[in-house]
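# Examining the three-dimensional arrangement
The chain contents come next:
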Amino acid sequence: MEFEIEIWLQNFTKKLFDEFGRRIKFIGLQGSYKRGEATSDSDVDIVIILDKLSFEDLTVYKKIVASMPFSQKICGFISGEKEIYNWPKFDLFQLLNDTVSLHGNLEDFIPIIKRNDILDSIKINTANLYHRMCHAYLFEDKNTDVLRSGYKSVFFILQAIYYSRNTRYIASKAELAELLDGEEKEMLLVNMNWDSLNVSGNADFYFEKIINWARANI
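Residues numbered from 1 in each chain as written. Predicted model: local features only at pLDDT ≥ 70, side-chain atom pairs only at ≥ 80, totals over all residues. Heavy atoms only, no water.

## Observations concerning the overall build of the chain
The criterion, for reference: Helix and strand definitions follow DSSP, with helices as H or I runs of at least four residues and strands as E runs of at least two, each counted in order from the N terminus. Each radius of gyration is computed over the set of C-alpha atoms, and the globule rule expresses the reference value as 2.2 Å times the number of residues to the power 0.38. The contact rule is simple, with two residues in contact once any of their heavy atoms fall within 4.5 Å. For every accessible area listed, the method is Shrake-Rupley and the probe measures 1.4 Å; residues are considered covered only by the protein chains on display. This count recognises Lys and Arg as positive and Asp and Glu as negative, with His and chain-terminal groups excluded. Here the site of a charge means atom NZ of a Lys, CZ of an Arg, CG of an Asp or CD of a Glu.
Within the chain one finds ten helices and four strands. Ordered by position in the sequence, the α and β elements of the chain form the string α-β-α-β-α-β-α-α-β-α-α-α-α-α. In terms of overall size, the chain behaves like a compact globule, its C-alpha atoms giving a radius of gyration of 19 Å where 218 residues would be expected to give roughly 17 Å. Dimensions along the principal axes, computed over C-alpha positions, put the chain at roughly 50 × 40 × 35 Å. A sequence separation of at least 24 residues applies to 68% of the contacts in the chain between residues at least 6 apart. Per element, the accessible surface of the chain, about 12,200 Å² overall, is 49% carbon and sulfur. Separation of charge centres in the chain, based on 26 positive and 32 negative side chains, amounts to 4 Å.

This is the structure we're talking about:
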């Protein structure tokens, strides 16, 4: 059975409405499938906002996920209206800009994101990346999966950095790479060309590169 994202999303959305009906305020798609960069290993990142979210709702949603073909691919974010409105604004910047609507308007459920919120997003996410990479290098035996996740985070941080300078959100890695230069471009190209790099044989080099970059951007 081939995975056809459009048909799959239609079936998944129908199951959600069959169960939750008018309680659904928003359904969206984000991540690599939204950006047109998905591979056979990519998750399908779904964003769902209900009027309110209980643990029983999570149990129902879990059953819907399990009923879907390719259920192992489903990932993402689910929330109630109140929670998403009161979510830390720095964390909403990426959610808002990297999500395409399948139902509803995400801007109806989140506060206005201001420039200081974007700058907070850059600083906080970069600080978290710095700590994560230092910890992994010291205590996790140079785990290349952790490194891969770190360079993936660099892409999202670079999106916010570029937006803070140009008030323009660049969704795809390829387009962003064309607009960057210097070390920023080098960092993004590591993420884009990961599978062709000998990371496991040069783990120290890639740890040093990402740690130094994060430190300089905090």
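Now that the structure has been shown, the text picks up again.
## A look at the pairing of strand β2 (residues 44-50)
The condition is simple: Exposure classes here rest on a 1.4 Å probe applied to the protein chains alone. A residue is buried below 20% of its type maximum, exposed above 50%, and partly exposed in between. Two strands qualify as a pair provided DSSP detects at least 2 bridges between them.
Counting buried positions over the seven residues of β2 gives seven, a clear majority of the element. Of the two faces of β2, both are covered, the one formed by V44, I46, I48 and L50 as well as the one formed by D45, V47 and I49. Sheet topology note: the strand β1 (residues 24-30)/β2 ladder contains six bridges and is antiparallel. Considered in β2, the bridge of I27 is made with I48. With seven bridges joining them, β2 and strand β3 (residues 74-80) adopt parallel strand pairing.

## Quick word on the nonpolar core
Note on soluble globular proteins: their nonpolar side chains tend to be buried together. To be explicit about the condition: Here, nonpolar core means buried Ala, Val, Leu, Ile, Met, Phe, Trp, Tyr and Cys residues that are tied together by side-chain atoms lying within 4.5 Å of each other.
Of all hydrophobic cores here, the largest spans 43 residues; its most connected members are L147, I210 and W213. With ten residues, the top contributor of residues to this core is helix α7 (residues 144-166). Discounting residues that sit within four places of it in the chain, W213 has contacts with L129, V154, I157, L158, I161, E183, E184 and M187. Counting 18 residues, the second-largest nonpolar core is a separate cluster that includes W8, L16, L50 and V65.

## Topic: helix α9 (residues 182-192)
Condition: Taken from the helix axis, the directions to the C-beta atoms give the arc we talk about.
Among all positions in α9, only E184, M187, L188, V190 and N191 are buried. The buried residues of α9 occupy one face: seen down the axis, they fall within an arc of 150°. Close packing links the buried residues of α9 with α7, α8 (173-179) and α10 (203-217).

## Observations regarding the sheet that holds β3
The criterion, for reference: Axis angles are defined between N-to-C directions and span 0 to 180 degrees, where every axis is a line fitted to C-alpha atoms and, for a helix, only to the segment in contact.
The strand order β3-β2-β1-β4 describes an open sheet built from four strands, whose pairing is mixed. At either end of the open sheet lies a strand with only one pairing partner, and these are β3 and β4 (99-103). Neighbour-to-neighbour, the strand axes of the sheet open up by a mean angle of 25°, direction not taken into account. Each of β2 and β3 touches helix α3 (residues 55-67); the most contacted strand, β3, lies at about 155° to it. Against the sheet, helix α5 (residues 89-97) contacts β1, β2, β3 and β4, and its axis sits at roughly 65° relative to β4.

## With respect to the packing of α7 against α9
Two quantities define a packed helix pair, namely the angle between the helix axes and the distance between the axes. What counts, and what does not: Each angle receives one of four descriptions, namely roughly parallel if under 35 degrees, roughly antiparallel if over 145, roughly perpendicular if within 65 to 115, and oblique otherwise. Two helices that cross are described as forming a left-handed crossing if the nearer one is turned anticlockwise from the farther one by less than a right angle, and a right-handed crossing if clockwise. The residue classification treats Ala, Val, Leu, Ile, Met, Phe, Trp, Tyr, Cys and Pro as nonpolar and Asp, Glu, Lys and Arg as charged. All others, Gly included, are polar.
The geometry of α7 relative to α9 is characterised by a closest axis approach of 9 Å and an angle of 140° between their N-to-C directions. Overall, the two elements α7 and α9 adopt an arrangement that is oblique. The chirality of how α7 crosses α9 is left-handed. Across the interface between the two elements, Y151, K152, V154, F155, L158, I161 and R165 of α7 pack against E184, M187, L188, V190 and N191 of α9. Within the contact of α7 with α9, the residues separate by chemical class into eight nonpolar, one polar and three charged.

## A closer look at helix α6 (residues 115-139)
Here is the rule we go by: Helices are assigned an expected span. That span is 1.5 Å times one less than the residue count.
Helix length check: α6 (25 residues) gives 36 Å between terminal C-alpha atoms against 36 Å at 1.5 Å per residue, within 8%. Listed as buried for α6 are D117, I118, S121, I122, T126, L129, M133 and A136. Just beyond α6, the residue with positive phi is D141, at close to 55°.

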